[in-house]
Structures are given as C-alpha cells and as structure tokens.
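Structural description and commentary
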Amino acid sequence: MPTFASFDGLRLNYTVWEGDGAHRPVLLQHGFAADTNANWISTGVVAALRKAGLTVLSLDARGHGRSEKPHDECRYTGDTMARDISALLDELGLDEVSLVGYSMGAIIALAATAADKRIRCLATGGVGSGIVDFGGVDLRVVKPAEIASALLAEDPTTVPPSGVPFRLLADAVGGDRQALAAVALASQEGSVNLSAIGVPTLVLAGDQDSLAAEPERLAAAIAGARLVRIPGDHMTAVMSPAFSEALVAFLTAPRPR
C-alpha cells in the first residue's frame with residue numbers, strides 16, 4: 001500500500017483503483033474508528049464505483065487504518081485532517097477530484113471542500129444538522145469525551161451506552177484506541193464554513209441515523225445541495241445498495257468540468 005508524508009511529516013496510507021478515465025477521480029474519506037476496508041470495501045461502495053468505471057482513491061485518516069497513529073491530541077486538532085486531503089492531492093498531482101466522506105470523513109470532506117478549489121464535487125453521508133449547530137459531531141447524541149472514555153475504558157462493560165458503538169467498531173477493526181481517543185478529544189470544538197462550498201453537493205442520510213438527524217438542514221445550508229435519504233442507521237446505511245446507487249448516479253452525472 002503506498003504512503004506519503006503529509007504537510008507535517010506524518011505518513012499516511014492511501015489506495016488507488018484505476019478507472020477508465022471518463023470521469024474525474026473520486027477520493028473517499030472514511031468515518032471515525034473505521035478505515036478504507038471497513039467503510040468502503042466491505043460495504044460494496046468501492047466495487048460499485050469501479051463498476052461504473054471511476055478511478056477511486058481512498059485515504060486512511062491519521063490515527064486510523066495503516067496510517068501513522070500518534071497519541072498526542074495536538075496532531076489531530078483544527079483543520080489537520082482536511083489539510084491531509086490537500087496534501088494527498090499535492091502528492092498525486094491531481095488538479096480536480098470528487099470527494100466523498102462518511103461520518104467523521106464527511107466533516108473532513110466539508111472542511112476540505114471549503115478550503116481547496118481542486119475539489120469540484122462533494123458527497124457526504126452520516127451527518128446532518130450537527131454540522132450546522134455544532135460544526136461537527138451531533139453533541140445531542142454523543143459527546144467526544146464520552147467516545148474517548150469508551151475507548152480508554154479497561155473494562156468494556158463499564159463503557160457508557162453512547163460510546164458502545166465506537167468501542168465495538170474500534171475493537172472489531174483492531175484500532176489503536178489511544179490514538180482514536182486523541183482524535184475524539186481533538187474534535188470537541190469544530191466549525192465548517194458551509195457558505196464557502198459552491199460545488200455540486202449530495203447529502204446522503206440514513207432514515208434511522210441519529211447522528212444524521214435533520215439532514216435537510218445541512219442540505220439547505222449548502223448552496224444547491226441535494227438530499228437523498230437511505231434506508232438504515234449510522235452503521236447500516238452505507239451498506240445499503242441505495243447508498244452506492246445514489247452515489248454512482250451523482251458522481252457520473254454530466255456536468256461542466
């Protein structure tokens with residue numbers, strides 16, 4: 001798997017699947033505690049995009065997957081992960097991409113799109129009005145400190161209910177729980193300049209996803225964004241064939257380059 005040094009020297013892992021070149025490349029950014037395999041390969045998203053002939057790239061975020069995993073919270077603060085997206089575009093010499101992010105990856109993708117004009121098309125999944133109200137994770141559902149506590153608990157039976165899904169996912173993928181706790185704590189205060197996003201945008205949201213509540217408010221906050229509701233909750237919506245179908249239709253739709 002190829003790696004590159006990001007803007008601060010941290011080595012990050014990425015994957016490339018070559019397509020037919022008929023459309024601009026698609027860059028995928030996974031969610032918290034997941035990685036390329038858990039979020040995109042095992043769910044069938046990569047297969048659907050490749051079947052459509054798209055060139056697909058996927059980045060393992062810092063602290064995740066095969067990328068380096070510092071335990072220092074300061075390595076994850078501010079716009080760090082959005083800058084990693086831009087650093088990968090620099091590394092690959094790409095002038096334009098479509099960007100897809102899920103959950104934490106959607107927050108990263110929104111921030112990256114607001115800052116980098118090479119991102120010409122955006123799709124988000126697993127987020128809703130939490131972006132509008134809190135600039136990131138929906139604090140009405142779970143707080144970063146609760147996620148960190150769940151990850152660092154020595155006894156899994158003591159994990160607070162709101163943190164259980166994150167602990168289970170981290171353990172299932174063999175994640176570095178200390179690094180992930182640092183990621184969570186660094187995300188406590190966020191903001192995304194949604195008014196700076198002027199590219200075609202698709203908002204995908206599971207109809208039972210509490211972390212993507214009121215997705216229509218997110219779509220309304222981004223000029224021209226379109227909302228598609230998908231069957232499922234936060235963990236299952238991305239697995240639905242409807243998710244991949246909507247994504248492929250959006251990414252392959254004729255539009256000015």
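This text goes with the structure placed above it.
To keep things clear, this report deals only with the structure shown in the data block. (Residues numbered from 1 in each chain as written. Predicted model: local features only at pLDDT ≥ 70, side-chain atom pairs only at ≥ 80, totals over all residues. Heavy atoms only, no water.)

**Brief notes about the overall build of the protein chain**
Definition in use: Helix numbers and strand numbers start at the N terminus; a helix is a DSSP run of H or I with at least 4 residues, a strand a run of E with at least 2. By definition, residues are in contact when any of their heavy atoms lie within 4.5 Å. Note on areas: these come from Shrake-Rupley sampling with a 1.4 Å probe, and a residue is covered only by the protein chains present in the view. Under the convention used here, Asp and Glu are negative, Lys and Arg are positive, and both His and the chain ends fall outside the count. By convention, the charge on Lys lies at NZ, on Arg at CZ, on Asp at CG and on Glu at CD.
Helix and strand content of the protein chain: ten helices and eight strands. Overall size of the protein chain, expressed as C-alpha extent along the three principal axes, is 50 × 40 × 30 Å. Partitioning the contacts of the protein chain with sequence separation of at least 6, the portion at a separation of at least 24 is 72%. As presented, the protein chain carries roughly 10700 Å² of accessible surface, and 53% of it is formed by carbon and sulfur atoms. If you average the places of the 21 positive and of the 29 negative side-chain charges in the protein chain, the two averages end up 5 Å apart.

**Observations regarding the environment of L10**
Summarising the element assignment, L10 is placed in the loop between strand 1 (3–5) and strand 2 (11–17). In this structure the C-alpha to C-alpha distance between L10 and R75, which are 65 residues apart in sequence, comes to 9.1 Å. Leave out the neighbours within four places in its chain, and L10 touches F4, A5, R62, E68, P70 and R75.

**Describing the pattern of salt bridges**
If the charged atoms of two oppositely charged side chains come close together, the side chains can form a pair. Our working rule: By definition here, a salt bridge exists when the distance from a side-chain nitrogen of Lys or Arg to a carboxyl oxygen of Asp or Glu is within 4 Å. Relative accessibility thresholds used throughout: buried, under 20% of the residue-type maximum; exposed, over 50%; partly exposed, between the two (1.4 Å probe, protein chains only).
Taken as a whole, this structure holds 14 salt bridges when the rule is applied. A salt bridge links E96 to R24; its shortest N-O distance comes to 4.0 Å. Of this pair, E96 sits in the loop between helix 3 (80–92) and strand 5 (97–102) while R24 sits in the loop between strand 2 and strand 3 (26–29), and the two are 72 residues apart along the sequence. For E96, a relative accessible area of 13% translates into the label buried. With its nearest N and O atoms 2.7 Å apart, the salt bridge here joins D84 to R62. Placement of the pair is D84 in helix 3 and R62 in the loop between strand 4 (56–59) and helix 3, with a sequence separation of 22 residues. This pair shows no difference in class: D84 is buried, exactly as R62 is. Taken together, the shared-partner salt bridges connect D133, D138, R140, E214 and R217 into one network.

**What to know about the packing of helix 6 (residues 144–152) against helix 7 (residues 164–172)**
For clarity, the cut-off: Convention adopted: a line fitted to C-alpha atoms gives each axis, helices being fitted over their contacting stretch, and angles between N-to-C directions are expressed from 0 to 180 degrees. Working definition: roughly parallel below 35 degrees, roughly antiparallel above 145 degrees, roughly perpendicular at 65 to 115 degrees, and oblique for all remaining angles. Helix crossings get a hand from a simple test, with the near helix turned counterclockwise from the far one by less than a right angle marking a left-handed crossing and a clockwise turn marking a right-handed one. Polar here means any residue outside two lists: the nonpolar Ala, Val, Leu, Ile, Met, Phe, Trp, Tyr, Cys and Pro, and the charged Asp, Glu, Lys and Arg; Gly therefore counts as polar.
Packing of helix 6 against helix 7 leaves a shortest axis separation of 8 Å and a crossing angle of 45°. Comparing their axes, helix 7 and helix 6 come out oblique. Crossing angle aside, the handedness with which helix 6 passes helix 7 is right-handed. Within the contact between the two elements, helix 6 uses I147, A150 and L151 and helix 7 uses F166, R167 and A170. Split by residue class, the contact of helix 6 with helix 7 holds five nonpolar, no polar and one charged.

**With respect to the packing of aromatic side chains**
Aromatic ring pairs: the centre-centre distance and the angle between the two ring planes describe each pair. Which entries qualify depends on this criterion: Ring geometry is summarised as follows: Phe, Tyr and Trp rings, the Trp one being its six-membered ring, pair when their centres sit within 6.5 Å, and such pairs are stacked at plane angles under 30 degrees, edge-to-face over 60 and tilted between the two. When the NZ atom of lysine or the CZ atom of arginine is within 6 Å of a ring's centre and also within 35 degrees of its normal, the charge is said to sit over that ring.
According to the stated counting rule, one finds three aromatic pairs in the structure shown. Considering the side-chain rings of F4 and Y14, the 5.9 Å spacing of their centres and the 70° angle between planes classify their relative orientation as edge-to-face. A residue pair is termed long-range when its members are at least 10 positions apart, and F4 in strand 1 and Y14 in strand 2 qualify at ten residues. Geometrically, the ring pair formed by F32 and F166 is edge-to-face, given 6.0 Å between the ring centres and 65° between the ring planes. With F32 in the loop between strand 3 and helix 1 (36–41) and F166 in helix 7, this residue pair connects regions lying 134 residues apart in the sequence. Overall, F32 belongs to the buried group, its relative accessible area being 11%. Positioned above the aromatic ring of F7, the side-chain terminus of R83 is 3.8 Å from the ring centre.

**Section: helix 3**
Residues that lie three or four places apart on an α-helix share one face, since the helix turns once every 3.6 residues. Worth spelling out the cut-off: Multiplying 1.5 Å by the helix residue count minus one yields the expected span of that helix.
Under the 1.5 Å per step criterion, the end-to-end length of helix 3 is 19 Å for 13 residues, consistent within 8% with the ideal 18 Å. Residues T80, M81, A82, D84, I85, S86, A87, L88 and L89 constitute the buried set of helix 3. Positioned one or two residues after helix 3, G93 has a phi angle of 65°, which is positive.

**Let's talk about unusual backbone geometry**
Phi is positive for A33, which is not a glycine, with a value near 70°. In this structure, A33 sits in the loop between strand 3 and helix 1. Owing to a relative accessible area of 3%, A33 belongs among the buried residues under this scheme.

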